[in-house]
Amino acid sequence: MCVPSPLQGISYLLFLSSEHLNFMKAPKKDFAYPAGYSELIKAAGLAEHSSVRGCMIIKPYGFALWENMKAILDKAFKQKGHVNAYFPLLIPTSYLSKEASHIQGFAKECAVVTHYRVAYDAKSETIVPDVDAKLQEPLVIRPTSETIIWQSYKNWINSYRDLPLRINQWANVVRWEMRPRLFLRTAEILWQEGHTAHASAEEAEQEALGMLEVYADFMEKTLAIPVVKGKKTLHERFSGAETTYTLEALMQDGKALQAGTSHFLGQNFAKAFEVKFTNQKGVMNYVWGTSWGLTTRLIGAMVMMHSDEKGLLLPPKIAPIQVVIIPIPAREEASSKLIAAEANLLCEALAKRGIRAKIDDRDSYRPGWKFAEYELQGIPLRAVIGLKEVMGKEVTLVRRDSGERVVQGVDDFLDSVDARLDEIQGALYQRALGFRKRQTVYVDDYATFKQVMKTQRGFVMAHWDGTTETEQKINQDTQATIRCIPLNGPEENGKCIYSGRPSGQRVLFAQAY
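Residues numbered from 1 in each chain as written. Predicted model: local features only at pLDDT ≥ 70, side-chain atom pairs only at ≥ 80, totals over all residues. Heavy atoms only, no water.

### A short note on the packing of helix α3 (residues 60–79) against helix α9 (residues 297–305)
Step number 1: Relative to each other, α3 and α9 sit at 110°, their axes nearing to 10 Å. Between α3 and α9, the interaxial angle falls into the category roughly perpendicular. Where α3 crosses over α9, the two elements pack in a sense that is right-handed. For the pair formed by α3 and α9, the contact residues are Gly-62, Leu-65, Trp-66 and Met-69 on the first element and Leu-298, Ile-299 and Met-302 on the second.
Step number 2: Of the residues that constitute the contact of α3 with α9, the class distribution is 6 nonpolar, 1 polar and no charged. (Axes fitted to C-alpha atoms, helices over the stretch in contact; angles between N-to-C directions. Helix = DSSP H or I, 4+ residues; strand = E, 2+ residues; numbered from the N terminus. Parallel < 35°, antiparallel > 145°, perpendicular 65-115°, else oblique. Left-handed = near helix turned anticlockwise from the far one by under 90°. Contact = heavy atoms within 4.5 Å. Nonpolar A, V, L, I, M, F, W, Y, C, P; charged D, E, K, R; others polar.)

This is the structure we're talking about:
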C-alpha cells in the first residue's frame, strides 16, 4: 500500500471520533463561528483541548500542517542569512525588569516558577512546593525571548565584525490566556521567533520590513491568505519596540486576525543589556535590534479562511495529503485485486512527481463515508478508481474546492496534476481576496462606522486623528480596534470620524480575534 504522506498509517485513526460523526451529520446552518470553528478543528482531527486549562493537544494531522509550515519558512529564513539556535525556556525575573515597557506588556500573562522541588503533604494527600527548595530568584516561563537572547548577545557582540547577527529559534512560549481558543489563543504556543542585531538603524529597519515581506509572501502564496501590510499604532505596538509591523487578515465572519508581526526594536534592548560594538572608526555604540514571529495561530487562520459546511479546504501547497486515492472494490476478488494494483501504481507515480498522496483501501467503511471524511479533512483532490476506470485506463477526479468532477486518462492526469493543484491554490486565494474586497468599506462618519461594526463587520477604512484617546474611545463604543496604518497607503486629507480633527491618511479598523 502506497502511503507517501507524512501521516503514514496513523492518519486512518484520526476520524473515528464522535466529533467527526456529529460534524458530518450537522445541518449546514449550524456551521458558524466561533462554535463551528472549534467543532471543525476537533472533527477534522487537528487538535483538541488538554486536561491543562488553556493548553491544547495538536494531533498528527494538525502537526503535519505545522511541520510543512516550518519546512517552508525555515528554508526562507536561511536564504535570508538567518541561522537557528535555541535559548532557555526559563528566564530570570530580573532580566524582564531591565526593559520597563517590555515587562509591563507581559506581566499579566507570565507564569512563574518559584520552587525547584515538590513534597508530598500526607495530611492533605497532595503535592505541594517544598518549602526548603525555594529559588533565590523566581524564573518566568518565557512569554517571548528578547531578554534572555539579548543577555547572550552582550557576550557575543563586540565589534562591527560580529554584525549583523541573525538568529531564529523554533520553540514554545507560555502566555496565560484567560479566554483560550484552539490555535488562536492558547496558554502554550508553538512558534518561531527571530532576533537580529545590526550596526545601524537603517539596516535594522530594512530587516524588520524584509521579514514582513517574507511572511506576507508565505501567507499569500502558500497559505492562500491575503493580508494587509501595515504598522501598529503606539497603543497596539509590541512592548519594548519602536515600531511594530503587522499582517492583518480578514476571516469569513468579518473579524480580523493578526497573522504575524515584525518589530523594529531600536536600541531599547541593547541599552537595557549593555550590548555595544566598536565600529570601523573605533567608536563604540549600542547595536540596533529586531524581532519577528509566527505561531500555530496560522493553522487557525487557515481553518477560518478556507472552510465551508463540509469542512476544511486546505491549500495544496501546505496540505499534508494533496491527493487521496480511493479504490472501489468489485464483486469479484480478482477484479478487486486489479483495482488495488492500479491504485498503488497511481500512488507511486504521484510520489515520483513529488505529490503527497495516499490510498485509503479500508474495507470497514463505504466509499461514500470516505468521500465525506476527506471533504471534512480538506484534501484538495480525490481520485476514485473502480473497475470501469481500470478498464478505461482512467481516473475519476473530484476537486474539494469546487466539487468539479471529471474523468481523465491516467497519463493525462499525471501530466496535469501539478497544474490542477496550482489551479486549486489560486482559486482559494482569489476566493479569499474577493471576500476581503467585498467586506472592505470606506466610511467618513461615525454613525455609519458604528452601524457597519454592528451589522456587517469587515475591514473599515476611515480617518483617525492619531491620538490614543480617540482610538480607545472608538474601541469602547464599537469593540473595533485599529488593526494597522497601511504601509504605502495614499495620502488623503480628511477628518477623524470620531473627533473631527484633521487626518492625513485612512487607517484600517476591524473587530478582531
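Past the structure itself, the notes keep going.
### Some points on the pattern of salt bridges
Step number 1: Evaluated as defined, the whole model comprises 24 salt bridges.
Step number 2: A salt bridge links Arg-185 to Glu-177; the nearest nitrogen and oxygen atoms lie 3.4 Å apart.
Step number 3: A residue is classified by how much of its surface remains accessible, and Glu-177, at 15% relative accessible area, is buried.
Step number 4: A salt bridge links Lys-229 to Glu-213; the shortest N-O distance between them is 3.0 Å. Separated by 16 residues along the polypeptide, Lys-229 in strand β11 (residues 228–231) and Glu-213 in helix α7 (residues 201–221) bring together distant segments of the chain.
Step number 5: Owing to a relative accessible area of 29%, Lys-229 belongs among the partly exposed residues under this scheme. (Salt bridge = Lys/Arg side-chain N within 4 Å of Asp/Glu carboxyl O. Buried < 20%, exposed > 50% of the residue type's maximum accessible area, 1.4 Å probe, protein only.)

### Description of unusual backbone geometry
Step number 1: With an omega dihedral of -5°, the bond running from Leu-163 to Pro-164 counts as a cis peptide bond.
Step number 2: The residue Pro-164 is located in the loop between α6 (146–156) and β9 (165–174) in this model.
Step number 3: The phi angle at Glu-125 is positive, at roughly 55°, despite the residue not being glycine.
Step number 4: Along the polypeptide, Glu-125 turns up in the loop between β6 (118–121) and β7 (126–129).
Step number 5: Phi is positive for Arg-457, which is not a glycine, with a value near 60°.
Step number 6: Note that Arg-457 resides in the loop between α14 (446–455) and β25 (459–463).
Step number 7: On the basis of relative accessible area, Arg-457 is assigned to the partly exposed category, the value being 24%.

### Looking at the packing of aromatic side chains
Step number 1: One pass over the structure, following the stated rule, counts 14 aromatic pairs.
Step number 2: Seen in terms of ring centroids, Tyr-446 and Phe-449 are 6.0 Å apart; in terms of plane orientation they differ by 15°. Their pairing is stacked. Note that Tyr-446 and Phe-449 are positioned in helix α14 at a spacing of 3 residues, about one turn of the helix.
Step number 3: Judged by its relative accessible area of 0%, Phe-449 falls in the buried class. (Phe/Tyr/Trp six-rings, centres within 6.5 Å; stacked < 30°, edge-to-face > 60°.)

### Digging into the layout of surface pockets
Step number 1: Its volume calculated, the second largest pocket comes out at about 340 Å³.
Step number 2: Pro-327, Pro-329, Asp-361, Arg-362 and Asp-363 are the residues nearest the centre of the second largest pocket, which is lined by 18 residues in total.
Step number 3: Mapped by element, the contributors of at least two residues to the lining of the second largest pocket are β19 (323–327), α10 (333–352) and α11 (367–377).
Step number 4: Top element by residues in the lining of the second largest pocket is α10. It accounts for 5 residues.
Step number 5: For the lining of the second largest pocket, the per-class residue count stands at 11 nonpolar, 2 polar and 5 charged. (1 Å grid on protein atoms, 1.4 Å probe; cavity = no way out; pocket = protein on both sides within 12 Å on 5 of 7 lines; lining within 4 Å. Points joined across faces, edges and corners; volume = space filled by probe spheres on them.)

### Concerning the pairing of strand β21 (residues 381–385)
Step number 1: In terms of residue burial, β21 counts as a mostly covered element, since 5 of its 5 residues are buried.
Step number 2: Side chains Leu-381, Ala-383 and Ile-385 of β21 all project onto a buried face; the interleaved residues Arg-382 and Val-384 project onto the opposite face, where all are buried too.
Step number 3: Sheet topology note: the β19/β21 ladder contains 5 bridges and is parallel. Bridge assignment links Val-323 to a residue of β21, and that residue is Leu-381.
Step number 4: Bridge analysis of β21 against strand β22 (residues 394–399) gives 4 bridges, and the strand direction is antiparallel. By the bridge assignment, Val-384 is partnered in β22 with Thr-396. (Pairing = 2+ DSSP bridges.)

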